[in-house]
Amino acid sequence: MAQKPNIYIIATGGTIAGQADSASATVGYRAGELTVEQLMASVPGLDKLANLSGEQLCNIDSKDMQEDIWLQLARHVVKEAARNNVDGIVITHGTDTMEETAWFLQLALQTEKPVVLTGAMRPATAISADGPMNLWQAVRVAADPGAQGRGVLVVMNGQIDAAEKVTKASANTLQAFRSIGSGPAGVIVNEKIFWQNYSVAQTECGNTCSDSEPTGNVKHAFSATKLYFPTENLTRLPKVRIIYGYVGGDDALFVKAALQDGAKGLVYAACGNGSVPEKLASVLQEAVVSGVPVVIATRCSGGIVVLPKEMTEKNGFIAGGSLNPQKAKILLQLTLTKTNEVKAIQAFFH
Ligand code: ASP
């Protein structure tokens, strides 16, 4: 009989570990109460899929996730992934900021081994709680040789999404996650995983093109096997703030506050393809001149920010490409650990 794979579970809290006072409650519960041992014990047949071990890194609602916990999490994943007797890693996490943690790890890790995040939309005490099935499917994916080299994945509600693309698209429903600009990386039905061979690769000019590969390999703009941003010696990430675009939001109040607070970079969530109100553009340009790079992302839930020459050359802004503002922020933070030179940062966003 084939040996069972060894899967290491790092629990961080979230609704999957949440409890409510009534079985019908899906809001107003307490996230992050069950322990990693309780989570593992709550899933029938989990031990048949893999040999399991794990740890409780923290037990929080993911709205309270902190960048110093990310740095610690990355170190723990690196340590476990380096062990010969670990085949894959599952991280349980609140869904609210799961896409951010997944993307941070995608950029900060270098491993072929599957790293899979999962959570739940209903607390563990709810009728039809989704956590146990999600955890079972996450372990199934982490144990699958086909998941190797695919980078950090999110498994929720029978769907597999890549860290680069995934976003939380519903605040309430079980089908809460989707991939921006592509279909999911795969789906899980019973014990079978169907990789969908669909990915997004970037051309040299920075445009994004679809790239279906018959071999089933998923290409990421940031490959899983290359270390782009070593974080083991960092004690904190550079401070980057997101400024949200909306009608009436051109008074630069938050830009000024962010700069006064010591922001080392800014992301502007533009209303469309990089449109920045005139008044704000000059304040943001001043920020660039003072050495604070500005990335223009979009608040739209799809599309690619491609800036006209004037905005890159005259204003010195950096196009955020297909990353949503919260992911553009993380990439900017990590690039700032290496350089604050606009052209070099733009190259990473390309
Ligand atoms: N507030 C919860 C969290 O992100 C929501 C969830 O896990 O679904 O921790």
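None of these values were measured; they are calculated from a predicted model. (Residues numbered from 1 in each chain as written. Predicted model: local features only at pLDDT ≥ 70, side-chain atom pairs only at ≥ 80, totals over all residues. Heavy atoms only, no water.)

(A) How the structure looks around the site of the ligand. Within the structure, the ligand sits among Gly14, Thr15, Tyr29, Asp61, Ser62, Gly94, Thr95, Asp96 and Ala120. Taking aspartate 61, its side chain carries an N or O atom lying 2.9 Å from a nitrogen atom of the ligand. Residue alanine 120 places a main-chain N or O atom 2.9 Å away from an oxygen atom belonging to the ligand. Summarising the interface, the protein chains cover 94% of the accessible area of the ligand, which totals 270 Å² for the free molecule. Its residues placed into classes, the shell around the ligand shows 2 nonpolar, 5 polar and 2 charged. (Near = heavy atom within 4 Å. Polar contact = N/O pair within 3.5 Å; in protein donor to acceptor, adjacent residues only side chain to side chain. Areas by Shrake-Rupley, 256 points an atom, 1.4 Å probe, with all protein chains shown as cover. Nonpolar A, V, L, I, M, F, W, Y, C, P; charged D, E, K, R; others polar.)

(B) Region of interest: the sheet that holds strand β13 (residues 240-244). Read across the open sheet, the 4 strands follow the order β13-β14-β15-β16; overall the sheet is parallel. Whereas interior strands pair on both sides, the edge strands pair on one side only; in this sheet they are β13 and β16 (318-319). The pairing of strand β15 (residues 294-298) with β16 spans 2 bridges and is classified as parallel. Bridge assignment links valine 295 to a residue of β16, and that residue is isoleucine 318. In the packing of helix α7 (residues 278-289) onto the sheet, the strands contacted are β14 (265-270) and β15, and the crossing angle to β14 comes to about 155°. (Pairing = 2+ DSSP bridges. Helix = DSSP H or I, 4+ residues; strand = E, 2+ residues; numbered from the N terminus. Contact = heavy atoms within 4.5 Å. Axes fitted to C-alpha atoms, helices over the stretch in contact; angles between N-to-C directions.)

(C) Local environment of the sheet that holds strand β5 (residues 152-156). In spatial order, the strands read β2-β1-β3-β4-β5-β6-β9-β10; together these 8 strands make up an open sheet with mixed pairing. On the outer flanks of this sheet lie β2 (51-60) and β10 (192-195), each paired with one strand and no other. If you compare each strand with its neighbour and ignore which way they point, the axes differ by 20° on average. As judged from the 7 bridges shared by strand β1 (residues 6-13) and β2, these two strands associate in the parallel manner.

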